[in-house]
Amino acid sequence: QVQLVESGGGLVQPGGSLRLSCAASGSINSINVMGWYRQAPGKERELVAHITSLGTTYYKDSVKGRFTVSRDNAKNTVYVQVNNLKPEDTAIYYCNLVGRGVVYWGQGTQVTVSS
């Protein structure tokens, strides 16, 4: 089993920044993909960004240039730096790990962008 714990969400004004963290623990395969999804009220969960254990990244078009995903393999932790936040970025952000074909989810952290 793998456990994922997110942190770093909160209330921020438009144009502000946050850094979300997700620490994984348990039986973690060294070859995996860790990423961030988000779900806004009334909308489906969507992939925001992910990073492989080798450092290859993917970003949703609407966050390119504003979000930066990174990871520390020694700490089994993935981060996402979110800059120039917009009201439409308001959502619950979920950490995700895919390894050996199994998908794990964190409990989510709320990000609210409002003045």
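This report concerns the structure included in the present document. The structure displayed is predicted, hence computed values, not measured ones.

**Section: the sheet that holds strand E7 (residues 67-72)**
And then number 1: Taking strand neighbours across the sheet as the criterion, the 4 strands line up as E1-E3-E8-E7 in an open arrangement whose pairing is antiparallel. Either end of the sheet is taken by a strand with one partner, and the two such strands are strand E1 (2-7) and E7. For this sheet the average axis-to-axis angle between neighbouring strands, irrespective of direction, equals 15°.
And then number 2: Here 6 bridges tie E7 to strand E8 (residues 77-82), and the two strands are oriented antiparallel to one another. For Ser 70, the partnering residue across the bridge sits in E8 and is Tyr 79.

**Digging into the state of the cysteines**
And then number 1: All told, the structure shown has 1 disulfide when counted by the stated rule.
And then number 2: Cys 22 shares a disulfide with Cys 95; S-S distance 2.0 Å. Its torsion about the S-S bond being -80°, the disulfide of Cys 22 and Cys 95 is classed as left-handed. Residue Cys 22 is found in strand E3 (residues 18-26), and its partner Cys 95 is found in strand E9 (residues 91-99); the two are separated by 73 residues along the sequence. For the pair formed by Cys 22 and Cys 95, the shared burial category is buried.

**Looking at the environment of Asn 96**
And then number 1: Counting through the fold element by element, Asn 96 comes out in strand E9.
And then number 2: A residue is classified by how much of its surface remains accessible, and Asn 96, at 4% relative accessible area, is buried.
And then number 3: Between the C-alpha atom of Asn 96 and that of Ser 17, which follows or precedes it by 79 residues, the distance is 21 Å.
And then number 4: With near-sequence residues (within four places) excluded, Asn 96 lies in contact with Leu 4, Val 33, Met 34, Gly 35, Tyr 37, Val 103, Tyr 104 and Trp 105.

**Details of the environment of Lys 64**
And then number 1: Within the element layout of this structure, Lys 64 appears in the loop between strand E6 (57-59) and E7.
And then number 2: C-alpha separation for the pair Lys 64 and Arg 38, spaced 26 residues apart in sequence, amounts to 15 Å.
And then number 3: Polar contacts involving the side chain of Lys 64 include one to the side chain of Asp 61, which spans 3.0 Å.

**Considerations on the pairing of E9**
And then number 1: Of all the 9 residues making up E9, 7 are buried; the element is thus mostly covered by neighbouring parts of the structure.
And then number 2: As defined by bridge partners, strand E4 (residues 33-39) adjoins E9 across 7 bridges and the pair is classed as antiparallel. The residue of E9 that forms the bridge with Val 33 is Val 98.
And then number 3: Pairing between E9 and strand E11 (residues 109-113): 3 bridges, direction antiparallel. Bridged to Tyr 93 within E11 is Thr 109.
And then number 4: Where E9 meets strand E10 (residues 102-105), 4 bridges bridge the pair, whose relative direction is antiparallel. Each bridged residue has a counterpart across the sheet, and for Asn 96 the counterpart in E10 is Trp 105.

The rules behind the values
- Residues numbered from 1 in each chain as written.
- Predicted model: local features only at pLDDT ≥ 70, side-chain atom pairs only at ≥ 80, totals over all residues.
- Heavy atoms only, no water.
- Pairing = 2+ DSSP bridges.
- Helix = DSSP H or I, 4+ residues; strand = E, 2+ residues; numbered from the N terminus.
- Axes fitted to C-alpha atoms, helices over the stretch in contact; angles between N-to-C directions.
- Disulfide = S-S within 2.5 Å.
- Buried < 20%, exposed > 50% of the residue type's maximum accessible area, 1.4 Å probe, protein only.
- Contact = heavy atoms within 4.5 Å.
- Polar contact = N/O pair within 3.5 Å; in protein donor to acceptor, adjacent residues only side chain to side chain.

Keep in mind that these numbers describe shape and distance, not what the molecule does.
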